[in-house]
Each structure stands twice: as C-alpha cells, then as structure tokens.
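# Architecture and fold: a report
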Amino acid sequence: MTQTEVVAAMERELGETISQAYLSQLESGKRVHLTAFTRDLLARFFKVHPGYLVSDPPDFSTDLLTDVAEESDRLSTWLEASAEEWRAEPEVAGFFTALARTTDPRRYLALLSELLALPLAELEQLVRTLATSASGSGSAEQELAP
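Notes on the structure follow. Note that the structure is a prediction, hence the values are computed from the model and not measured. (Residues numbered from 1 in each chain as written. Predicted model: local features only at pLDDT ≥ 70, side-chain atom pairs only at ≥ 80, totals over all residues. Heavy atoms only, no water.)

## Description of the overall build of the chain
The condition that has to hold: Runs of H or I in DSSP of at least four residues are treated as helices and runs of E of at least two as strands, each being numbered from the N terminus. Throughout, a residue-residue contact means that at least one pair of heavy atoms, one from each residue, lies within 4.5 Å. Note on areas: Shrake-Rupley with a 1.4 Å probe; residue coverage comes only from the protein chains shown.
In terms of helices and strands, the chain carries 7 helices and 0 strands. In the chain, the succession of α and β elements from N to C terminus is α-α-α-α-α-α-α. Sequence separation of at least 24 residues holds for 34% of the intrachain contacts in the chain that already meet a minimum separation of 6. Of the roughly 10,800 Å² that the chain leaves accessible, carbon and sulfur atoms contribute 56%.

Here it is in structure tokens:
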C-alpha cells in the first residue's frame, strides 16, 4: 500500500488517521520516535502488538548508527510531533506547528518565557495594542478579540 492508501484505509477502518506527511517521516526515519497515539493507531491498523513497532529487529547492531541530527532539527522534529499528538486541540497543535516552522524556535521560546512572567491582563493589553498598531499600518490581518 502507498502512504496515501494507508492513511485513507485507516480513516475508513478506524475512524482515525495520521497525516501522509507524518507517515512519510516515520518511514524515512526523519522522525525516530512515535507518539503513543501514533504507535497505537498503527498497531491497531496493521494488527500487530504496539511493541512490534518500536522493538529492535533481531539483527540490529549499534554499529549502524547514523549521525545525530543537529539540535535545532531535533527541536523542530519534537515540535512537529507534538503538533501531531495535539491535533485534537487545534490551538495547541497550531502553536506547535507555527513554532516548528520558525527559523529560530529557541528564540521564540525565550521570548514567550519572558511573556509568561507578565500578569495575564497586562499581556492581553499588550497584544491588543500591538495588533491595533499593526492593523493601522496594514500588516495585520485581524485584531484579537478581548
């Protein structure tokens, strides 16, 4: 079966699925860790024990290890996997996806950490002010609701 056929069959048979892109990353080894949801879904679809999908094959050798991805790739991969895991909650999934697609997610995380120190009311006012300012210059698509 092709990846697209697997995704469609999962949806048809189980009423749940993962994206074709995510399946492709798992197959190619770009993502080396399955989320619990993905592991369980694939195990149910292929009718195998979940451990089968994560156990080392009998002839596995540590001599065959490849280079570890750069740290920034590791964070982006984790963020993308988290987005997939949280897909039932679009705001959370969207946050992880957007952060994974930035050129410097660590810098955004550092700034977000600083924003978390602000009282919520102050942060909401700051966001409204920035959105109003940006919409006045024509660069914002929408203003945040109070």
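Once the structure has been displayed, the description carries forward.
## A word on the nonpolar core
Formally: What is meant by a nonpolar core is a set of buried Ala, Val, Leu, Ile, Met, Phe, Trp, Tyr and Cys residues, joined one to another through side-chain atoms within 4.5 Å. When accessible area is computed with a 1.4 Å probe and restricted to protein chains, residues below 20% of their type maximum are described as buried, those above 50% as exposed, and intermediate ones as partly exposed.
Grouped together as the largest cluster of nonpolar side chains are 11 residues: V6, V7, A9, M10, I18, Y22, L23, L26, L41, L42 and F45. Residue contributions to this core peak at 4 residues, all from helix α1 (residues 3-14). With near-sequence residues (within four places) excluded, M10 lies in contact with G15, E16, T17, I18, L41, L42 and F45. Listed in part, the 6 residues of the second largest apolar core include L75, L79, A83 and F96.

## Regarding unusual backbone geometry
Located in the positive-phi region is K47, a residue other than glycine, with phi close to 55°. Here K47 shows up in the loop between α3 (36-46) and α4 (71-85).

## Observations concerning the pattern of salt bridges
Selection rule: By convention in these notes, a salt bridge is any Lys or Arg side-chain nitrogen within 4 Å of a carboxyl oxygen on Asp or Glu.
Counted by the stated rule, this structure contains 4 salt bridges. With a closest N to O distance of 3.2 Å, R31 and E80 form a salt bridge. Note that R31 is positioned in the loop between α2 (20-28) and α3 and E80 in helix α4, a separation of 49 residues in sequence. For E80, a relative accessible area of 27% translates into the label partly exposed. Measuring nitrogen to oxygen at the nearest pair gives 3.8 Å for the salt bridge that ties R87 to E84.

## Here's the deal with the packing of aromatic side chains
Definition in use: In summary, the pairing rule links any two rings of Phe, Tyr or Trp, Trp by its six-membered ring, whose centres are within 6.5 Å, and it sorts them by plane angle into stacked for under 30 degrees, edge-to-face for over 60 and tilted for everything else.
Per the counting criterion, the structure on display carries 3 aromatic pairs. Aromatic side chains F45 and F46 sit 4.9 Å apart centroid to centroid with 80° between the ring planes, which places their arrangement in the edge-to-face category. An aromatic cluster is present here, built from W78, F95 and F96 joined pairwise through their rings.

## Things to note about the side chain of R31
Definition in use: Here a polar contact is recorded for every N or O atom pair within 3.5 Å, except that within protein the pair must consist of a potential hydrogen donor and a potential acceptor, and residues adjacent in sequence are included only if both atoms are side-chain atoms.
The exposure class of R31 is buried, given its relative accessible area of 7%. Within the structure, the side chain of R31 is placed 3.2 Å from the side chain of E80, a separation counted as a polar contact. Leave out the neighbours within four places in its chain, and R31 touches Y22, Q25, L26, T77, E80 and A81.

## Things to note about the side chain of Q3
Position of Q3 relative to the elements: it lies in helix α1. Reaching out from Q3, the side chain makes a polar contact with the side chain of E27 at a distance of 2.9 Å. Once you skip the residues sitting within four places of it in the chain, Q3 turns out to touch Q20, L23, S24 and E27.

## Description of α3
The complete set of buried residues in α3 reads T38, L41, L42, A43 and F45. The elements touched by buried residues of α3 are α1 and α2.

## Some details on the packing of α1 against α3
When two helices pack together, their arrangement is given by the angle between their axes and by how far apart the axes lie. Rules: Axis definition: a line fitted to C-alpha atoms, limited for helices to the stretch in contact. Angles are taken between N-to-C directions and run from 0 to 180 degrees. Roughly parallel means an angle under 35 degrees; roughly antiparallel, over 145; roughly perpendicular, 65 to 115; everything else is oblique. Residues are grouped as follows: Ala, Val, Leu, Ile, Met, Phe, Trp, Tyr, Cys and Pro are nonpolar; Asp, Glu, Lys and Arg are charged; all remaining types, including Gly, are polar.
One way to put it is that α1 packs onto α3 with a least axis distance of 11 Å and a crossing angle of 85°. Regarding the angle of α1 to α3, the classification is roughly perpendicular. Here α1 contributes V6, A9, M10, E13 and L14 to the contact with α3, which in turn contributes L41, L42, R44, F45 and F46. Looking at the contact of α1 with α3, its residues break down into 8 nonpolar, no polar and 2 charged.

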